[in-house]
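# Tertiary structure, described
For reference, the chains in residue letters:
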Amino acid sequence: MKAILAALLFLTTTQLLAAQTAPPKTTVPLKTSPPKSHSAAKPSPATVHAQAIVIDTHADTPQRFVDENYDLAMPLNGGQLDFDAAKQGNLGAEFFSIWVEPDLWKGQYAKRTLELIDSVYQQAAKHPDKMKMAFSADDIVAAHREHKLAALMGIEGGHSIENSLGLLRDYYKLGVRYMTLTWSNSLDWADSSGVVDPKNPNDPNVPHTKEGLTEFGKDVVYEMNRLGMMVDISHVADKTFFRTLVITRAPVIASHSAARALCDAPRNMTDDMLRAVAINGGVVQVNFYSGFISQAYRDASKAQKPEVDKAIADLKEKYKSEGKQLTYGELETLQRSYADKIPRPPLSALIDQIDHIAKVAGVDHTGLGSDFDGVSGQLPEGIDSAADLPKITAALMARGYSAADCDKILGGNLLRVFREVEKVSKQLQAEDRPRIVEKQPFEKK
Ligand SMILES: [Zn+2]
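Residues numbered from 1 in each chain as written. Predicted model: local features only at pLDDT ≥ 70, side-chain atom pairs only at ≥ 80, totals over all residues. Heavy atoms only, no water.

## What about the coordination of the zinc ion?
Within the first shell, the zinc ion binds the protein through E156 (OE), H235 (NE2) and H256 (NE2), at distances of 1.9 to 2.2 Å. Read in sequence order, the donor residues for the zinc ion give the motif E-x78-H-x20-H. Within this pair, whereas E156 is found in strand 4 (residues 149–156), its partner H256 is found in the loop between strand 7 (253–254) and helix 11 (271–280), the two being separated by 100 residues in sequence. Judged by its relative accessible area of 3%, E156 falls in the buried class. Residue class for H256 comes out buried when judged on its relative accessible area of 0%. (Donors = N, O, S within 2.8 Å, 3.2 Å for Na, K, Ca; no water. Helix = DSSP H or I, 4+ residues; strand = E, 2+ residues; numbered from the N terminus. Buried < 20%, exposed > 50% of the residue type's maximum accessible area, 1.4 Å probe, protein only.)

Written as C-alpha cells, this is what we have:
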C-alpha cells in the first residue's frame, strides 16, 4: 500500500516537472512507468536526510548543563548530544527539555525551571556560531539556513507552573514553546500515566481528578492555546489525554511517546490515542528509549526494578544524612549501572515503532522525540548519539518510505503543527474572550 502511494506520488512529481519544463503545446501523456533517467535520480537515504530539517522534540541535556557544567562543545562523555553529533546527524532543531525532578526540588520548582531555561541561553551565548535560540517555526527554518542548531525549549511537567497561569505566561515570554502537562507525577489539576494505571483508572486508593483535567487544568490548556505554546500530552494518563483532546483549540504534540500496542507501558499511547492525535491534526514524536520501544527490554527492566528502587532509596538516604543534594547525573549513573546489564533492543524495534505509528496515526502525524540524555543511555543498537539519526532515515527508506514521507517524519510534521499552533494563538488573541481570571485550583473544584 505504502509503496503504491509512493509510486503515485513519484509519478505526479514527474508529471509536474515535465509540465513545467515542456513546451506549451505538448500534452503530457500518463505514463505507466517513470523515465529511466528519473528512476536513476531517486535520492539516496543520505541525500534525503541531508536535505531535511531534522527536528528532535526531546533532549534532557539541560540537566547536564546545570549539574555537570556540561558544554555542547565538549565530547559526549556518556551523553547523546553535542555539537559534533548534532552536525553528523544533521540535527536542525532540538527542543531542550526543562524538567524539574519533583522530589529533589520540592518547594523550588520555579527556581529550578528558571535555572534550566537560563542554561540553554548560556549555551547559545557561548556558541553563537553553532547554535541559535529559536521561538517559532520560522526561526527553525532561518537557523537551518544559517547552518546553526536551532535551540528551543519545552517544559516537561506542569508542576513547573506551581498552579500559576502567571508563571505559565512568564515561561512563554522566556521562550518555552511546549509544556508536557504532567511528568510521571500527577498534579492536582491533571493525572499522570506514572500514577494512574490505565487498567484501573478510577482506583479510589490512587489520587486522581474526576475528568482528567480540573477546571484549572482546562484553563491551563486554553491559556497555552492562546499563548501559542504547544500542548504536549506525553506522560499524561489516558483520561487526561482524551479530556485534553476534547478541549484543546490547537493541535497537540506527544513530544516523546511510543506505541502501547508494541510495548505495554502505561506511558505509551494506545492505537485509539494515536488515531485521536491524527484527527486532532497533531503529531506523535516517537521516543527512542529501549524500555518504551521493546517489550523484551521492558520485561527484563521490570524484573530488575525492586533492586534498582532500593539502590536509589539508599543513595538518597546517604546524601540526606550527609546534608548533600543528589543530582540527576548521579541518579542517572546509578540507574545506568543496572540498565546496562540488560541487552539492547535491535534498531528494528525503534523502526517498528515509527512504522506502527505512521500506519495507525498516519505518516503526517509521526515524528522523532529521542529522549536523548534522559534515558540513562538505554537506546537501541546503533543509536548511540544524535550522530546516528541518518540510520533511521536509511531504515525507513529500506521499508519503502519515500523521500517525502521521511521529510515529514524527520521534521516537516512538527513544523506544520507548530505553525498551526501559532495560527490558533493569533486567532484566540484576536477573539474578545475575557482574560482568564486567576483562581487557585481549590476554588474551582
Ligand atoms: Zn519524559
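## Comments concerning the packing of aromatic side chains
Applying the stated criterion across every chain, the model contains nine aromatic pairs. Pairing W189 with F216 gives two aromatic rings, centres 6.0 Å apart and planes at 75°, and the pair type is edge-to-face. In this pair, W189 is assigned in the loop between strand 5 (176–180) and helix 9 (215–227) and F216 in helix 9, connecting sequence segments 27 residues apart. For F216, a relative accessible area of 1% puts it in the buried group. Here Y289 and F292 contribute two aromatic rings whose centre-to-centre distance is 4.8 Å and whose plane-to-plane angle is 90°, an arrangement assigned as edge-to-face. Through pairs of rings, three or more aromatic residues link up here, namely F95, Y178 and F418. (Phe/Tyr/Trp six-rings, centres within 6.5 Å; stacked < 30°, edge-to-face > 60°.)

## Considerations on the nonpolar core
Ranked by internal contacts, the top residues of the largest apolar core, which has 103 residues, are W189 and I392. With residues up to four places along the chain from it excluded, the contact list for W189 reads G158, I161, N163, M179, L181, T209, G212, L213, T214, F216, G217 and V220. Core analysis: the second largest hydrophobic core is formed by 24 residues, A93, A137, A143 and L414 among them. (Core = buried A, V, L, I, M, F, W, Y, C linked by side-chain atoms within 4.5 Å. Contact = heavy atoms within 4.5 Å.)

## Structural notes on the packing of helix 7 (residues 137–145) against helix 17 (residues 403–430)
In contact at an axis separation of 8 Å, helix 7 and helix 17 are set at 140° when each is read in the N-to-C sense. Taken together, the axes of helix 7 and helix 17 lie oblique to each other. Contact residues: helix 7 offers A137, D138, I140 and V141, while helix 17 offers L415, F418, R419 and E422. (Axes fitted to C-alpha atoms, helices over the stretch in contact; angles between N-to-C directions. Parallel < 35°, antiparallel > 145°, perpendicular 65-115°, else oblique.)

## Regarding the environment of D82
Structurally, D82 can be placed in the loop between helix 4 (61–67) and helix 5 (83–88). Residue D82 is classed as buried on the basis of its relative accessible area of 6%. Separated by twelve residues in sequence, D82 and Y70 place their C-alpha atoms 9.6 Å apart. Among all residues touching D82, those that are not within four sequence positions of it are Y70, L72, M74, P75 and L76. Polar side-chain contacts of D82 include one of 3.5 Å to the backbone nitrogen of L76. Within the local environment of D82, its side chain forms a polar contact with the backbone nitrogen of D84, the two atoms lying 3.3 Å apart. (Polar contact = N/O pair within 3.5 Å; in protein donor to acceptor, adjacent residues only side chain to side chain.)

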